[in-house]
Amino acid sequence: MTLEGLPTLREALEAHGLWANKAFGQHFLLDLNITRKIARLAQVSAGAHVIEVGPGPGGLTRALLETGARVTAVERDERFRPLLDEISAASSSLNVIFADALKIDEAQLASGAPAHVVSNLPYNVGTPLLIKWLTGPWTPASLTLMFQREVADRITEGPGEDAYGRLAVIVQATCAAHRVMDAPARAFTPPPKVDSAVVRLEPRADRPSPERLTALQTVTAAAFGQRRKMLRSSLKVLGGDDLIAAAGLDPQARAEVVPVDGFLALADAWLARR
Ligand code: SAM
């Protein structure tokens, strides 16, 4: 069988009596036009290796396979095994692993070669997975990820914008981040309560070292823990005015207006004092 010969996603779900399980954050994309658009935005070329988290019934998986990519799909819900087996039977480029994506070793899956992460992420574990990919020992070649819109804002907004905070600083210190597509709640089955958006992240060549990233997490936790307070007060425990002067920042500024470079300078100043 070829991918074109497969039943529609809706037919496949019905044939196996499957429904969405809220506990696993399941909201499916059954419209192949949408999944094909996400696969295009992922910019993966034929032969590239993609790690997809949460294939579910396999709509995005099918679109990724159509690009000629090699896909390793990691799914937690065993109920999807027969649907994913059908796709594997139609394409030799799919390898499905039933596991918790929070616990997998991506470096081992990628076997030392570059791999792209593409996923319509489960809402309940989207942010921890992102932090794992950005700060862990393995670096993806790129990430193309569907999030709730509010989380996409927290990833892409800049200083002075409402959703700018710790997550934006960590993401933007490690990657170039762009919101590349909006998806209304009605695009999903069943529709979630809120709209979603796709974010594309390209890891920077000059990513901070693990030590600098740990320091960045420390200073952003303190600064945004009290985001309406002046840095002088929120960073008192880490060194207050001296630390802020060493980073060349204004002690009267609030965390929400400090750019990513300012937080990196704070992380460096904090490391230098230890
Ligand atoms: N990719 C499918 C689509 O776009 O229609 C399903 C997306 S749905 C939002 C999220 C998927 O992630 C579900 O299939 C769910 O079972 C799976 N999932 C949830 N938690 C997971 C985890 N920790 N590890 C791997 N997969 C997970």
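Residues numbered from 1 in each chain as written. Predicted model: local features only at pLDDT ≥ 70, side-chain atom pairs only at ≥ 80, totals over all residues. Heavy atoms only, no water.

Asker: Before we go on, may I ask you to explain the overall build of the chain in this structure?
Answerer: From N to C terminus, the chain includes twelve helices and seven strands. Against the globule reference of 19 Å for 274 residues, the chain gives a C-alpha radius of gyration of 21 Å, in line with a compact fold. Along the first, second and third principal axes, the C-alpha set of the chain runs to 65 × 40 × 25 Å. Among the 274 residues that make up the chain, the fraction classed as buried is 49%. Long-range contacts, defined here as pairs at least 24 residues apart, represent 66% of the contacts in the chain between residues at least 6 apart. Each charge class in the chain was averaged separately, 30 positive and 30 negative side chains, and the resulting centres sit 4 Å apart. (Helix = DSSP H or I, 4+ residues; strand = E, 2+ residues; numbered from the N terminus. Rg over C-alpha atoms; globule rule 2.2 N^0.38 Å. Buried < 20%, exposed > 50% of the residue type's maximum accessible area, 1.4 Å probe, protein only. Contact = heavy atoms within 4.5 Å. Lys, Arg positive; Asp, Glu negative; His and termini not counted. Charge placed at Lys NZ, Arg CZ, Asp CG, Glu CD.)

Asker: Please clarify how the domain arrangement of the chain should be interpreted in this entry.
Answerer: Interfaces are often sized by the accessible area lost when the parts come together. By domain assignment, the chain separates into domain 1 (9–203) and domain 2 (210–273). If you average the C-alpha positions of domain 1 and of domain 2, the two centres end up 33 Å apart. Taken together, the contacts link 15 residues of domain 1 with 15 residues of domain 2. Buried surface at the junction of domain 1 and domain 2, both sides included, amounts to about 1100 Å², of which 69% is carbon and sulfur. Counting the surface domain 1 buries against domain 2, the share from its top three residues, Tyr 164, Arg 166 and Val 169, is 46%. (Domains from an automatic or database assignment. Buried area = accessible area lost by both parts, 1.4 Å probe.)

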